[in-house]
Amino acid sequence: MNVIDLTAEFVSYNTVSNLSNAKCSAAMAKRMREAGLSVERLQYADPNGVTKVCLVGKKGKGKGGLAMMGHNDVVPAEGWAWDPFKLTKKKGLLYGRGSADMKGSVACMIATAERFNARDLKQPIYVVVTSDEEINCGGAAWVHKHSKTLKGCKYGIIGEPTMLDVVYAHKGSFKIDARAKGLATHSSTGKGTNANHLMIPFLNEVLKLGEKLKTDRRYTDKTFTPPYSPFNIVWTEGNTASNITAENSAALVNTRPIPGHDWEPVKKLIREMAKKYGVKAKISDSLTPLNTPIDSRIVSEALSVTGKRKPKTVSYGTDGMIFGKSMELVVLGPGNIKQAHTIDEWIEPDQLKKGVDIFAQMVIRFCIEDPA
Ligand SMILES: [Zn+2]
């Protein structure tokens, strides 16, 4: 299998996260079967009722082994100078939405699996493809809960773009869903309650707290860039005509917790602030930071295979926020995260070729030479 042809095929499906990825997953499943993998198909409806399909491919018998994991949803592609869903070669670079994040990497995984004969594998190879990674890792959560095939696999590679550097830890994510209820009247009457006026002082305290935590040693870590967990606030409800008191106000606050920190006291503080201002705050935190022990076998083998001296941390999240709960993982994949999510995203063909070589060496270590 040619990894560039596979990338072109997968990029040709528009799988922006709000759309169904079913057709793209069907194409990937077909290629997995051609590469000798058996495929478990896991389907669910997302919160908007859109069909999403995840895949767990397996080659070789028994448990243990090594999983190569990716997603096939992509971020929106507006403002491109050419068709974002047609892999286009220009000046030696391959342009297309998802080329770096991360259909190119999934192509590497399938091409890697094809190289091996099931008879030679002492432990199995898995190729995992999820959906909704760009939104909330909903596909990973579904696979983690429902896949029968993946159970018992302890080691994995999340193939997000790291320029084939080894990443052992990344930040998590939690969200505060804040809502306030007012009473709508004509503002001239002085009788209404503007829900935004309840929300603003609450958010102001949350912002101040976020600023304070930036220099609090319990919530900072110099191995990350930035070394703190930034707060980000967006309004989701509350706009109306300026002469009407807003009946509803809603905002989301997102932050990116650094691994190893205890955020429970912060959450408690936020809940208390919400109560004080008459705001309802729901805190969701299923996305835990990835924090693979630096002496884990997956880290040392990945360093040895890539020839890197030290593993790194990154500030973006991956499906590792879900799979890290039961597996030891590294983030390791072709392409540059700087190209992900940009207009005119690209990947170097050489990264794809190297990606296959590195994944294949990891398979040799974990599934043939010294099974996990
Ligand atoms: Zn990604």
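Higher on the page you've got the structure.
Attention in this report is confined to the structure presented alongside it. Every value quoted in this text rests on a predicted model; they were computed, and no experiment measured them.

1. Regarding the overall build of the protein chain
Across its full length, the protein chain carries nine helices and 16 strands. A compact globule built from 372 residues should have a C-alpha radius of gyration of about 21 Å, and the protein chain, at 23 Å, falls within 12% of that. Dimensions of the protein chain along its principal axes, counting C-alpha atoms only, are 80 × 45 × 40 Å. Sorting the 372 residues of the protein chain into buried and exposed places 53% on the buried side. For the protein chain, contacts bridging at least 24 residues in sequence account for 80% of all contacts bridging at least 6.

2. Re unusual backbone geometry
With an omega of -10°, the peptide bond running from D101 to M102 counts as cis. Structurally, the position occupied by M102 is in helix α3 (residues 99-115). You will see that K91, though not glycine, has its phi angle at about 45°, which is positive. With respect to the helices and strands, K91 occurs in the loop between β4 (88-90) and β5 (93-95). Phi is positive for D132, which is not a glycine, with a value near 60°. Its location among the elements puts D132 in the loop between β6 (125-130) and α4 (138-146). Judged by its relative accessible area of 3%, D132 falls in the buried class.

3. Notes on the side chain of H170
Along the chain, H170 falls in strand β8 (residues 167-170). Polar side-chain contacts of H170 include one of 2.8 Å to the side chain of T318.

4. Details of the pairing of β8
Bridge count between β8 and strand β14 (residues 312-314): three bridges; the pairing is parallel. Considered in β14, the bridge of H170 is made with V314. Two elements, β8 and strand β13 (residues 290-291), share two bridges in a ladder whose sense is antiparallel. Note on β13: the bridge partner recorded for H170 is L290.

5. Section: the coordination of the zinc ion
Around a metal, the idealised angle for a tetrahedral arrangement of four donor atoms is 109.5 degrees; for an octahedral arrangement of six donor atoms it is 90 or 180 degrees. Coordination of the zinc ion by the protein is provided by H71 (NE2), D101 (OD), E160 (OE) and E160 (OE), with metal-donor distances spanning 1.9 to 2.4 Å. The site at the zinc ion holds four donor atoms, and with the angles between them running 56 to 135°, its shape is irregular. Written as a sequence motif, the donor arrangement for the zinc ion is H-x29-D-x58-E. Highlighted residues: D101 in helix α3 and E160 in the loop between β7 (155-158) and β8, separated in sequence by 59 residues. With respect to burial, D101 and E160 carry one shared label: buried.

6. A word on the layout of surface pockets
By volume, the largest pocket is sized at about 820 Å³. Considering each element in turn, the lining of the largest pocket owes the most residues, four residues, to strand β12 (residues 280-287). Grouping the amino acids of the lining of the largest pocket by side-chain chemistry returns 13 nonpolar, twelve polar and eight charged. Taken domain by domain, the makeup of the lining of the largest pocket includes at least three residues from each of domain 1 (3-170 + 289-369) and domain 2 (173-286).

7. Concerning the environment of S105
Residue placement: S105 occurs in helix α3. Residues S105 and L42, spaced 63 residues apart in sequence, show a C-alpha to C-alpha distance of 20 Å. Other than its neighbours up to four places away in sequence, S105 contacts G159, P334, L352 and F359. In terms of polar contacts, S105 uses its side chain to reach the backbone carbonyl oxygen of G159, at 2.7 Å.

8. Some points on the packing of α3 against helix α9 (residues 349-369)
Their axes nearest at 8 Å, the elements α3 and α9 cross at an angle of 50°. On the basis of the axis angle, α3 is oblique to α9. The interaxial crossing formed by α3 with α9 has right-handed handedness. Side by side, α3 and α9 meet where G104, S105, C108, M109, A111, T112 and R115 of the first sit next to L352, G355, V356, D357, F359, A360 and V363 of the second. A breakdown of the residues in the contact of α3 with α9 according to their chemical character gives eight nonpolar, four polar and two charged.

9. A closer look at the pattern of salt bridges
Counted by the stated rule, this structure contains 21 salt bridges. Where K312 meets D165, a salt bridge forms, and the shortest distance between an N and an O atom there is 2.9 Å. Here the residue K312 occupies a position in strand β14, and D165 occupies one in the loop between β7 and β8, the gap between them amounting to 147 residues. Within this structure, E9, K30, R31 and E34 form a network of salt bridges that share partners.

What counts, and where the lines are drawn
- Residues numbered from 1 in each chain as written.
- Predicted model: local features only at pLDDT ≥ 70, side-chain atom pairs only at ≥ 80, totals over all residues.
- Heavy atoms only, no water.
- Helix = DSSP H or I, 4+ residues; strand = E, 2+ residues; numbered from the N terminus.
- Rg over C-alpha atoms; globule rule 2.2 N^0.38 Å.
- Buried < 20%, exposed > 50% of the residue type's maximum accessible area, 1.4 Å probe, protein only.
- Contact = heavy atoms within 4.5 Å.
- Polar contact = N/O pair within 3.5 Å; in protein donor to acceptor, adjacent residues only side chain to side chain.
- Pairing = 2+ DSSP bridges.
- Donors = N, O, S within 2.8 Å, 3.2 Å for Na, K, Ca; no water.
- Tetrahedral: all angles 85-135°; square planar, octahedral: opposite > 155°, others 65-115°.
- 1 Å grid on protein atoms, 1.4 Å probe; cavity = no way out; pocket = protein on both sides within 12 Å on 5 of 7 lines; lining within 4 Å.
- Points joined across faces, edges and corners; volume = space filled by probe spheres on them.
- Nonpolar A, V, L, I, M, F, W, Y, C, P; charged D, E, K, R; others polar.
- Domains from an automatic or database assignment.
- Axes fitted to C-alpha atoms, helices over the stretch in contact; angles between N-to-C directions.
- Parallel < 35°, antiparallel > 145°, perpendicular 65-115°, else oblique.
- Left-handed = near helix turned anticlockwise from the far one by under 90°.
- Salt bridge = Lys/Arg side-chain N within 4 Å of Asp/Glu carboxyl O.

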